[in-house]
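# Structural features, examined
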Amino acid sequence: MRTPKHLKRALWIIALLFVAGNAVRLLAVPESFGQFGEFRGAHLSEERERDPVHRGSEVCGECHDERLEEKNNGAHGPIPCENCHFQPYAGDETHPEAHPEISQSPDRSQRACLTCHQYFPARPQAFPQLANFPEHIATNGPKLKKDDVGAHTLCVHCHNPHDPKIDLGQNG
Amino acid sequence: MDKKKKNRRAFIKSAGHALAGLLMVVAIPKPGWAQRIHDIEVGEEIPDWLDHYWVYLIDTTKCIGCGACVRADKRENGVPPMFFRTWVERYQITEDNHVHVDSPDGGYGGFLPEDLAQLLTSAEKDPAGPGRGGGKGKNKVTKGFFVPKMCNHCRNTPCTQVCPVNASYQSPDGVVLVDKTRCIGCSYCVQACPYGSRYIHPEKHTADKCTWCYHRITKGLMPACVTVCPTGARKFGDLKDESSEIKKLLATQRLNVLKPELNTEPFCFYIGLDQSVR
């Protein structure tokens with residue numbers, strides 16, 4: 001008996017689907033798909049390839065070692081240099097040309113300090129903060145026993161940003 | 001008799017054909033992803049991402065809302081303005097039990113009041129309003145805190161499930177990532193995320209989100225937001241590292257996650273999360 005025509009046709013269609021389906025799969029599914037799961041495995045290495053931007057205080061400390069030590073021993077120890085000097089160091093050896101942004105960046109304004117130290121009711125109460133700046137100067141200025149207290153309007157006039165805690169016992 | 005035999009032979013023959021056809025369908029090679037992660041032997045070919053399982057911990061009782069993490073994240077990952085991979089929300093509950101939530105520019109510049117210059121010269125003791133000194137009367141802030149937010153890197157991820165091209169996935173070490181070469185920018189995942197932590201990049205037109213700084217953590221560094229946090233409110237670590245600080249904290253602290261009722265199983269835990277936080 002001959003194979004019925006409709007069966008043959010069905011077989012052809014199945015074979016065609018098999019070939020076409022696999023061709024589409026080959027073209028559409030990227031190479032490393034499925035290596036670790038339902039995703040393109042190579043992306044994992046691609047994602048980790050990028051260089052870190054924030055290098056931490058130690059990178060600055062390679063040249064500014066005294067400053068780093070001063071900071072680490074002070075109340076601002078946990079704050080990386082990049083927080084206040086804003087531009088992370090690019091890792092270039094040529095310097096200071098390589099980090100003009102860093103050299104110019106320290107924001108000396110009160111605003112820079114107050115992002116952390118302005119009093120808010122939402123801030124943890126244990127954190128040292130200023131509720132009222134004029135009052136802060138009025139009460140603390142005289143303690144420094146300097147003559148020109150009125151001219152001291154920036155925090156960095158009285159506080160060393162790298163070691164901000166003022167030990168009155170020593171200063172006064 | 002003859003006819004019967006013929007019928008049987010025909011039947012066997014066609015059944016054979018059908019079986020062959022069926023076999024052909026079944027014989028289509030099993031897709032590669034059927035091979036699951038745990039089937040792969042840890043050995044020379046497989047990199048160290050099976051040795052880690054990352055977890056994030058946020059201590060809201062320590063956050064001072066300075067926004068250093070938001071700024072660091074933008075620098076580290078080139079996040080465009082007005083889009084955020086991480087942001088900080090301020091919650092203030094006033095005397096009349098109203099919950100005030102704000103997050104000016106995602107907390108990018110901290111939460112300083114707009115009229116700061118004026119405040120710096122005025123000796124007024126308690127400027128009214130919950131945004132500043134604390135308010136008066138029924139506007140008095142009785143409770144306040146900052147809540148940093150970001151991708152929760154859920155175990156039961158609503159966002160990867162809806163991706164039509166498998167561009168978004170969970171890495172073997174527990175980080176939810178987006179393959180930008182495959183993403184078609186359909187933004188299903190942006191809609192699916194109950195935490196609002198994804199966005200469509202305005203230039204690349206692909207989905208973008210926090211990667212826990214995958215390029216840093218796989219090199220032994222902490223995510224950028226963790227390194228810059230001045231008070232240690234943000235913590236990150238490896239669950240597979242028995243001696244890690246994070247393991248001790250997770251074991252001893254009182255934890256909560258955002259929207260636990262959604263069963264997304266976030267791996268970003270919070271200490272001191274108030275019930276008013278959504």
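Residues numbered from 1 in each chain as written. Chains lettered and ligands numbered in written order. Predicted model: local features only at pLDDT ≥ 70, side-chain atom pairs only at ≥ 80, totals over all residues. Heavy atoms only, no water.

### Some points on helix α2 (residues 42–49) of chain A
Among all positions in α2(A), only His43(A), Leu44(A), Glu47(A) and Arg48(A) are buried. Buried residues of α2(A), seen end-on, are gathered within an arc of 135° and therefore sit on one face of the element. (Buried < 20%, exposed > 50% of the residue type's maximum accessible area, 1.4 Å probe, protein only. Helix = DSSP H or I, 4+ residues; strand = E, 2+ residues; numbered from the N terminus. Arc of directions from axis to C-beta.)

### Description of the interface of chain A and chain B
On the chain B side, the residues contacting the 54 residues of chain A number 81 residues. Across the interface of chain A and chain B, roughly 5600 Å² is buried in total on both sides, 61% from carbon and sulfur atoms. Inspection of the region where chain A meets chain B yields 1 salt bridge. Across the pair Arg40(A) and Asp179(B) runs a salt bridge, and its minimum N-O distance is 2.7 Å. At the junction of chain A and chain B, the tally comes to 16 residue pairs in polar contact (both at pLDDT 80 or more). For the side of chain A that touches chain B, the secondary-structure elements that each account for two or more residues are α1 (5–28), α2, α5 (81–85), α7 (110–117) and α8 (133–140) of chain A. Looking at the side of chain A that touches chain B element by element, the count peaks at 8 residues for α1(A). (Contact = heavy atoms within 4.5 Å. Buried area = accessible area lost by both parts, 1.4 Å probe. Salt bridge = Lys/Arg side-chain N within 4 Å of Asp/Glu carboxyl O. Polar contact = N/O pair within 3.5 Å; in protein donor to acceptor, adjacent residues only side chain to side chain.)

### Remarks on the packing of aromatic side chains
All names here are of chain B. Following the criterion strictly, the structure yields 11 aromatic pairs over all chains and no others. An angle of 15° between the planes, with centres 6.1 Å apart, marks the rings of Tyr56 and Trp212 as stacked. Residue Tyr56 is located in strand β1 (residues 54–59), and its partner Trp212 is located in the loop between β8 (207–209) and α6 (214–217); the two are separated by 156 residues in the primary sequence. The burial state of Tyr56 is the same as that of Trp212; both residues are buried. The structure contains a cluster of three or more aromatic residues connected by ring pairs, namely Trp54, Tyr56, Trp212 and Phe236. The positively charged end of Arg155 is found above the aromatic ring belonging to Phe267, 4.0 Å away from the centroid. (Phe/Tyr/Trp six-rings, centres within 6.5 Å; stacked < 30°, edge-to-face > 60°. Lys NZ or Arg CZ within 6 Å of the ring centre and 35° of its normal.)

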